[in-house]
Amino acid sequence: MDKIVSLCRRRGFVFPSSEIYGGLGSTYDYGHYGVLLKNTIRSLWFRAMVQEREDIVAIDSAVILNPRVWEASGHVSVFADPLVDCRTCKLRFRADQLGHASCGRKPSKRPGETPDCDLTEARPFNLMFKTQVGALEDESSTAFLRPETAQGIFINFKNVAQLARRKPPFGIAQTGKSFRNEITPGNFLFRVREFEQMEMEYFVPPDEAPRWYEYWVEQRLDWHRGIGLRDANLRVREHDAAERSHYSSATSDIEYRYPIGWQELEGVANRGDYDLTQHSQFSGTKLEWIEQDGTRYVPYVIEPAVSIERIFVALMVDAYDEEVVAERDRTVLRLHPAVAPVKAAILPLVPRDGAMVEKARGLFEELRGKHVVEYDDGGQIGRRYRRQDEIGTPFAFTIDEQTLEDDTVTVRDRDSLAQERLPIGGVRAWLEEALAKPWRTPKA
Ligand code: GAP
């Protein structure tokens, strides 16, 4: 993980947030390539979940909702971690993770292991961030930053069901920031307090719920394979009853083998009719489906939920590679070309050669309207290639002496390092084709 963090920093993917003020624990800002990678992850998700389907529509709900939403959903009463305080070292720990925590005394042991440790009883600590709406600072103005995007979907069920001309099974998808006051954030972007969720609530007739649950576990697993994550690093783990959330009758985690071990990448849950029933009761608005023959039922909900951050880390871990080429170390991000933040680099071999620069700029202008491509004329060609390797750019087009004679360019493949020549006029079509091709990582 340290190597990934260092690469992200060095190449401008991710910076510690508020760095000039000493940072703010486990909060990050994204630089240019980080933004491009996040945009790509979001748009690939949106394409698979909305654009390529007729049964799912999009929504973008507010971050701050009526606080009654969180009473109805159960977040006010049960969205909490059990915490213990140490009266001696004044640190706070998750009661269920004492075995992984470090006590504040030296030499550091587990909380409760030194004779000085004086731990309180466990108390629930709600993970929602509180805020105030309006000028008054009293109980009546208390609101919360949303801890998940899902509830913004449930409370719009009636609007969408009436207007979207869909009938169950149909889904509503949303991407957006969620906020949780995590007690033990960490492992880079894996557990952060501010993250971007991509959730889809799929409303189905109750007797079809088990089938759709299985379907979505498979679909989502396939999607992760499709963005290039290796099979050996993916698995599905079904929760037992004790582990499931209060609303769920079945949950599976799609887990990824992070450097910290197998951990949840995405969750798929059968939420039953819990959410629509709760919001019907709390709001007084019936959230149900009425068939043409007048039959009424509360749809069950199957929910695949993931964050861009968990995918970001998985992609980086899966793609990171080091090798020695011609006695020199090379670090390369072997990202799926469809996922790579920059699709191609355009490089004039001799940056001071006006004719080469002109040709390269022309090609860059031609490609940039369609793809994220980068023009680079700074420094030796070897260094420019290495820079592109580290940000995962799959192809580099180099304009050289021969280009000036016969209008061909060299294309260099990031993974195999193979080079071939192409007519400059055919580069655009070649790139389109190369990006559409099925891709398999060369990593073992
Ligand atoms: N609506 C259901 C829900 O929010 P969850 O398991 O709490 O369920 C869903 O979260 C997904 O959101 C997780 O599978 C994970 O990908 C992501 N996620 C949750 N907490 C996170 C955090 N603190 N940092 C980054 N991603 C997080």
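Structure's up top.
None of these values were measured; they are calculated from a predicted model.

(A) Broad picture of unusual backbone geometry. Backbone torsion omega between Pro168 and Pro169 reads 5°, so that peptide bond is classified as cis. Checked against the element boundaries, Pro169 lands in the loop between α6 (157–163) and β9 (170–179). If you check the backbone angles, Asn187 has positive phi at about 60° while not being a glycine. Mapped onto the elements, Asn187 comes out in the loop between β9 and β10 (194–204). Asn187 gets classed as partly exposed once you look at its relative accessible area, which sits at 40%.

(B) Geometry of the pattern of salt bridges. Under the counting rule described, the total for this entry stands at 39 salt bridges. The closest approach of N and O atoms between Asp118 and Arg87, which form a salt bridge, is 2.9 Å. A residue pair is termed long-range when its members are at least 10 positions apart, and Asp118 in the loop between β5 (92–94) and β6 (123–126) and Arg87 in the loop between β4 (80–85) and β5 qualify at 31 residues. Using a relative accessible area of 32% as the deciding quantity, one classes Asp118 as partly exposed. Arg87 sits in the partly exposed class, given a relative accessible area of 47%. In this structure, Glu365 engages Arg361 in a salt bridge whose closest nitrogen and oxygen atoms are separated by 3.6 Å. Of this pair, Glu365 and Arg361 both sit in helix α10 (residues 354–368), four residues apart, which is roughly one turn of the helix.

(C) The site of the ligand, seen in detail. In the vicinity of the ligand there are 21 residues, among which Glu148, Arg180, Val192, Glu199 and Glu264 approach most closely. Separating a nitrogen atom of the ligand from a backbone N or O atom of Phe190 is a distance of 3.4 Å. A distance of 3.5 Å separates a nitrogen atom of the ligand from a polar side-chain atom of Arg271. For the ligand, the accessible surface in isolation is 550 Å², of which the surrounding protein chains cover 90%. If one sorts the elements of the shell around the ligand by residue count, strand β13 (residues 261–272) sits on top with five residues. Among the residues forming the shell around the ligand, the class breakdown is eight nonpolar, three polar and 10 charged.

(D) The environment of Arg361, seen in detail. Here Arg361 falls in the partly exposed class, since its relative accessible area comes to 33%. Separated by 14 residues in sequence, Arg361 and Tyr375 place their C-alpha atoms 7.3 Å apart.

(E) A look at the sheet that holds strand β3 (residues 56–58). Strand order in this open sheet of seven strands is β3-β9-β10-β16-β13-β12-β11, and the pairing throughout is mixed. The open sheet has two edge strands, β3 and β11 (234–238), and neither has a second partner. Strand-to-strand, the axes of this sheet are offset by a mean angle of 25°, without reference to chain direction. Strand direction decides the pairing type here: strand β12 (residues 250–258) and β13, joined by nine bridges, are antiparallel. Bridged to Tyr258 within β13 is Gly261. This element, helix α9 (residues 308–319), spans β10, β12, β13 and β16 (300–307) of the sheet and lies at about 35° to β12.

(F) Structural context of the packing of aromatic side chains. This structure, assessed with the given rule, holds 18 aromatic pairs. Seen from their ring centres, Tyr28 and Phe188 are 5.3 Å apart, and the 80° between their planes marks the pair as edge-to-face. Taken together, the residues Tyr28 in strand β2 (residues 28–30) and Phe188 in the loop between β9 and β10 connect sequence positions 160 residues apart. By relative accessible area, Tyr28 is classed as partly exposed at 24%.

(G) Here's a closer look at the sheet that holds strand β22 (residues 408–413). Spatially, the five strands line up as an open sheet ordered β20-β19-β21-β22-β23, and their pairing is mixed. Unpaired on one side and paired on the other, β20 (373–375) and β23 (419–423) mark the two borders of the sheet. Taken pair by pair, the neighbouring strands of this sheet meet at an average axis angle of 25°, ignoring direction. As paired elements, strand β21 (residues 395–399) and β22 share four bridges and run antiparallel to each other. From the neighbouring strand, Ala396 faces β22, where its bridge partner is Arg412. Packing against the sheet, helix α11 (residues 381–391) makes contact with β19 (344–348), β20, β21, β22 and β23, and its axis sits at approximately 170° to β19.

(H) Representation of helix α8 (residues 274–283). When we look at burial in α8, the residues that qualify are Tyr274, Asp275, Leu276, Gln278, His279 and Ser280. In the core, the buried residues of α8 are packed alongside α3 (68–73), α5 (150–154), α6, β10 and β13. Positive backbone phi, approximately 80°, marks Gly284, located one or two places after α8.

(I) Highlighting the packing of helix α2 (residues 32–51) against helix α7 (residues 209–226). Across the interface, α2 lies against α7 with an axial gap of 12 Å and an inter-helix angle of 140°. Looking at the two axes, α2 sits oblique to α7. The handedness of the crossing between α2 and α7 comes out as right-handed. Only Trp216, Arg220 and Trp223 of α7 make contact with α2, whose side of the interface consists of Ile41, Leu44, Trp45, Ala48 and Met49. Class assignment for the residues of the contact of α2 with α7 results in seven nonpolar, no polar and one charged.

The rules we used
Residues numbered from 1 in each chain as written. Predicted model: local features only at pLDDT ≥ 70, side-chain atom pairs only at ≥ 80, totals over all residues. Heavy atoms only, no water. Helix = DSSP H or I, 4+ residues; strand = E, 2+ residues; numbered from the N terminus. Buried < 20%, exposed > 50% of the residue type's maximum accessible area, 1.4 Å probe, protein only. Salt bridge = Lys/Arg side-chain N within 4 Å of Asp/Glu carboxyl O. Near = heavy atom within 4 Å. Polar contact = N/O pair within 3.5 Å; in protein donor to acceptor, adjacent residues only side chain to side chain. Areas by Shrake-Rupley, 256 points an atom, 1.4 Å probe, with all protein chains shown as cover. Nonpolar A, V, L, I, M, F, W, Y, C, P; charged D, E, K, R; others polar. Pairing = 2+ DSSP bridges. Axes fitted to C-alpha atoms, helices over the stretch in contact; angles between N-to-C directions. Contact = heavy atoms within 4.5 Å. Phe/Tyr/Trp six-rings, centres within 6.5 Å; stacked < 30°, edge-to-face > 60°. Parallel < 35°, antiparallel > 145°, perpendicular 65-115°, else oblique. Left-handed = near helix turned anticlockwise from the far one by under 90°.

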